[in-house]
Amino acid sequence: FQAEDGIRDSVASRGLGDVYKRQMEDDLKGLSENYKKERLQKDGRYAVDTSYPSYGPFMKLAESDNAREKLRFKYNNRASDKNITVLDDILRNRMKLVRLLKYTSYAEYRTEDRMAKNPKNVWNFENDLKNKLRSKALLDVQEMLKIKSIRTGKTAKVIHPWEAGYYQNQVKLKKYALDGEEVKQYFEFNNVTQGLFTIYQTLFNIRFEKVQNPSVWHEDVQMFSIYDKSTGDMIGDFYLDMFPRANKYSHAAAFSVVMGKQTTKGYQRPTTSLVCNFPKPTEYQPSLLTHDNVETYFHEFGHLVHGVLTKAPLVSYAGTSVARDFVEAPSQMLENWVWQKESLALFAKHYKTGDRIPDALVDKLIAAKNINSGTKGLQQVFYGILDFTLNDGYDPDGDKSSTDLVMQLQNEITLYPYQDGTHQQASFGHLNGYGAAYYGYKWSEVYAMDMFLSLIHISAPTRRYAISYA
C-alpha cells in the first residue's frame, strides 16, 4: 500500500524504514510473488490500485484483514466526491420525465414494455428470491465463520464485507482443496481466446478472421471480421480491448459501435467492441485468467455475437436492443461452456507445459461451483432492490440520502454489514444504463438455462454432450 501522508513524508526524507517495510510485507502476505513484483515501485513501495486485476486477488488472498478493509474502503469510495451528485441529478430528471408522461415512477415507465410488465411483478420476484436465498446464505456464512473462528482463536459471529472474498476462498481451499492460483495456470489469455473462438464459431457456423494493421484507439486493441462459414459472406466486425489502462472503462461490457440495419444499399454490417480488464501480460508471466474471468469472457462475448449476428431490419430491434430483462439471457446461456469438460479440453492447458487441465481439477471446480451461491445471490438481490428502490418512489431531495439507502438495504438483505463511510452507489455504473432494470440479471437466468438445455442433449449412459443445431 501507499503510505499514509505523514509516513510518506518521513519515508521520503530518509528512505524506507524497517518498520514500514515490515508493515508493507504484512499487508501483502498471501499474495503471489509475481503479484508483488508487478506492483513494486522504484522507491520500494507497492502500488495496489482498484482495477480488477489488482483488487480481486488482493481481497481474495491478502491475509491482512486491516489491509483488505482499507482497500475495500477506497474501492467503494471511487468517484464519491462527484458521482453521488450526478446520481441524484439523474434521478431528478427521471422523475421529471415520468411526471410529463403521467407515470407514477420511472420503474413503472421502464417495465411497461419489458417482460416484467409492472413494478409489482419485479418487487414480488425480488422479495421471493430474497426469502428463498436466505437459508442457503446462512449456511454459507456458517462455513466461513467456522474457518474464521479457528483462524482468529475466537468465536466469530460476523463476516465483514472485506472478509467475504478471503473466507470464501478459504472454504474452497479447505473443503474442496481447490486453489484458484493453481487453476489460473491452465487459463492463459491467448489459449482461452482461441478456445472461445472455436466454440463460438462452431455454435453459430461462423468464421473469425483477424484484421491486420487495423485503425484502433490503443496498441492493445485487436480487430476481427466475422464471416458466414457456409456462404463466405462478411457479417460484421468486432474489437477486443481486454487489458486495464489509465482512464479506461473499468468494468467488462460489449459496446455497439455500428448497429445493424437494413438500408437501400443493403444490410449495414454491425460492429461491436468488447471491453474487459483482465490481467495484462508482464515480464514475469503471461496473462493468466481466473475461472471467473473465463466465465466473464464467455458471457461478454455472448453479448458481442448477440450484437453482431443480428438480422433485424430496424436499429431499434437489432442485436441487443431487446427487452432489458431478457438481454442477459443469451450471454448467461453461453457461460455454461466453461463448465463442460469437453469444451474446457479445447483450451484449458498449462501455460508452461501445455498439459490439459486434469479431470480431477475440473471435478473440483464443478463441485465447488455453488460455494457461497446464497450470499452471492443475496448480493445480486441487493443490487436489484437498490436500483429498483431508487427508481420506484425514492426522492433524492427527501430525508434519506442514497448512502442511507445503501446502508439500510445492505444490512437488511445481505449478511455482510455495511462498511461505514463507503458510498458504493457512486461507482455502480449499472444505475445509469440499467436504471430500474438490474433485476433482469436474475430474471433472465431461468431463460438462459432453458436455452442451454434446448441446445444440449444429455445421454444418460455416456453422460456426453452433443450440440443440436436444429
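Residues numbered from 1 in each chain as written. Predicted model: local features only at pLDDT ≥ 70, side-chain atom pairs only at ≥ 80, totals over all residues. Heavy atoms only, no water.

Caption draft 1: Expanded view of the overall build of the protein. For the protein, the helix and strand inventory stands at 19 helices and 9 strands. For the protein, the C-alpha radius of gyration of 24 Å lies close to 23 Å, the compact-globule estimate for 470 residues. In terms of principal-axis extent, the alpha carbons of the protein reach across some 70 × 60 × 50 Å. When the 470 residues of the protein are sorted by exposure, 47% land in the buried category. Counting only contacts in the protein whose residues sit at least 6 apart along the sequence, the fraction spanning at least 24 positions is 66%. Summed over all atoms, the accessible surface of the protein reaches about 23500 Å², with 51% contributed by carbon and sulfur. One finds the centroid of the 61 positive side-chain charges in the protein at a distance of 2 Å from the centroid of its 57 negative side-chain charges. (Helix = DSSP H or I, 4+ residues; strand = E, 2+ residues; numbered from the N terminus. Rg over C-alpha atoms; globule rule 2.2 N^0.38 Å. Buried < 20%, exposed > 50% of the residue type's maximum accessible area, 1.4 Å probe, protein only. Contact = heavy atoms within 4.5 Å. Areas by Shrake-Rupley, 256 points an atom, 1.4 Å probe, with all protein chains shown as cover. Lys, Arg positive; Asp, Glu negative; His and termini not counted. Charge placed at Lys NZ, Arg CZ, Asp CG, Glu CD.)

Caption draft 2: Here's a closer look at the pairing of strand β7 (residues 271-275). Counting buried positions over the 5 residues of β7 gives 5, a clear majority of the element. The pairing of strand β4 (residues 253-258) with β7 spans 5 bridges and is classified as antiparallel. By the bridge assignment, F255 is partnered in β7 with S273. (Pairing = 2+ DSSP bridges.)

Caption draft 3: Region of interest: the side chain of Q419. Counting through the fold element by element, Q419 comes out in the loop between α17 (402-413) and α18 (430-433). Looking at Q419, the relative accessible area reads 3%, which means it is buried. One polar contact links Q419 to R72, side chain to side chain, over a distance of 2.8 Å. Other than its neighbours up to four places away in sequence, Q419 contacts E69, R72, F73, P161 and W162. (Polar contact = N/O pair within 3.5 Å; in protein donor to acceptor, adjacent residues only side chain to side chain.)

Caption draft 4: Region of interest: the packing of helix α11 (residues 189-204) against helix α12 (residues 291-308). At their nearest, the axes of α11 and α12 sit 11 Å apart, and the two run at 40° to each other. It follows that α11 is oblique to α12 by the angle criterion. When the axes of α11 and α12 are compared, the crossing they make is right-handed. Facing α11, whose interface residues are F189, V192, T193, L196, F197, I199, Y200 and F204, α12 presents V294, Y297, F298, F301, G302 and V305. Its residues assigned to classes, the contact of α11 with α12 shows 12 nonpolar, 2 polar and no charged. (Axes fitted to C-alpha atoms, helices over the stretch in contact; angles between N-to-C directions. Parallel < 35°, antiparallel > 145°, perpendicular 65-115°, else oblique. Left-handed = near helix turned anticlockwise from the far one by under 90°. Nonpolar A, V, L, I, M, F, W, Y, C, P; charged D, E, K, R; others polar.)

Caption draft 5: Structural view of the sheet that holds β4. Here 5 strands make up an open sheet; going across it, the order is β1-β2-β3-β7-β4 and the pairing mixed. Of all the strands in the sheet, just β1 (206-210) and β4 have a single pairing partner and so form its edges. Each strand axis lies, on average, 25° off the axis of its neighbour in the sheet, ignoring direction. One ladder, built from 5 bridges, connects strand β3 (residues 234-241) with β7; its direction is parallel. Among the inter-strand pairings, D237 is bridged to a residue of β7, identified as T271. α11 rests against β1, β2 (222-228) and β3 of the sheet, and its axis sits at about 145° to β1. Where α12 meets the sheet, its contacts fall on β1, β2, β3, β4 and β7, and the angle it forms with β3 comes to roughly 145°.

Caption draft 6: Molecular detail of the packing of aromatic side chains. Inspection of the entire model under this criterion finds 33 aromatic pairs. Centroid distance F189 to Y297: 5.8 Å. Interplanar angle 5°. Geometry classified as stacked. Residue F189 is found in helix α11, and its partner Y297 is found in helix α12; the two are separated by 108 residues along the sequence. Take F189 and Y297: they sit in the same class, and that class is buried. For the ring pair W217 and Y239, a centre distance of 4.9 Å and an interplane angle of 55° mean the geometry is tilted. Within this pair, whereas W217 is found in the loop between β1 and β2, its partner Y239 is found in strand β3, the two being separated by 22 residues in sequence. Note on W217: relative accessible area 44%, which makes it partly exposed. (Phe/Tyr/Trp six-rings, centres within 6.5 Å; stacked < 30°, edge-to-face > 60°.)

Caption draft 7: Seen up close, the pattern of salt bridges. All chains considered together, the criterion is met by 21 salt bridges. Across the pair D43 and R45 runs a salt bridge whose closest N-O atoms are separated by 2.7 Å. Its relative accessible area of 39% is what places D43 among the partly exposed residues. Connected through shared salt-bridge partners, E25, E33 and K36 make up one network. (Salt bridge = Lys/Arg side-chain N within 4 Å of Asp/Glu carboxyl O.)

Caption draft 8: Main features of helix α15 (residues 359-367). Burial in α15 covers these residues: L361, V362 and L365. All buried residues of α15 fall inside an arc of 100° around its axis, so they share one side. The elements touched by buried residues of α15 are α10 (180-184), α12 and α14 (341-344). (Arc of directions from axis to C-beta.)

Caption draft 9: Layout of a nonpolar patch on the surface. Taken together, the side chains of L97, L100 and L101 present a nonpolar region at the surface, about 290 Å² in accessible area. Assignment of secondary structure puts L100 in helix α6 (residues 80-100). (Patch = residues over 30% accessible without salt bridge, like charges linked within 9 Å, V, L, I, M, F, W, Y side chains within 5 Å.)

Caption draft 10: Fine view of the nonpolar core. F187, Y297 and F301 are the most contacted members of the largest nonpolar core, which totals 86 residues. Core analysis: the next-biggest nonpolar cluster, separate from the first, contains 16 residues, L28, F58, Y75 and W162 among them. (Core = buried A, V, L, I, M, F, W, Y, C linked by side-chain atoms within 4.5 Å.)

Caption draft 11: How the structure looks around unusual backbone geometry. For A177, which is not glycine, the phi dihedral falls at a positive 50°. As for its position among the elements, A177 is in the loop between α9 (161-176) and α10. Located in the positive-phi region is N213, a residue other than glycine, with phi close to 50°.

Such coordinate-based values are descriptive only and should not be taken to indicate function.
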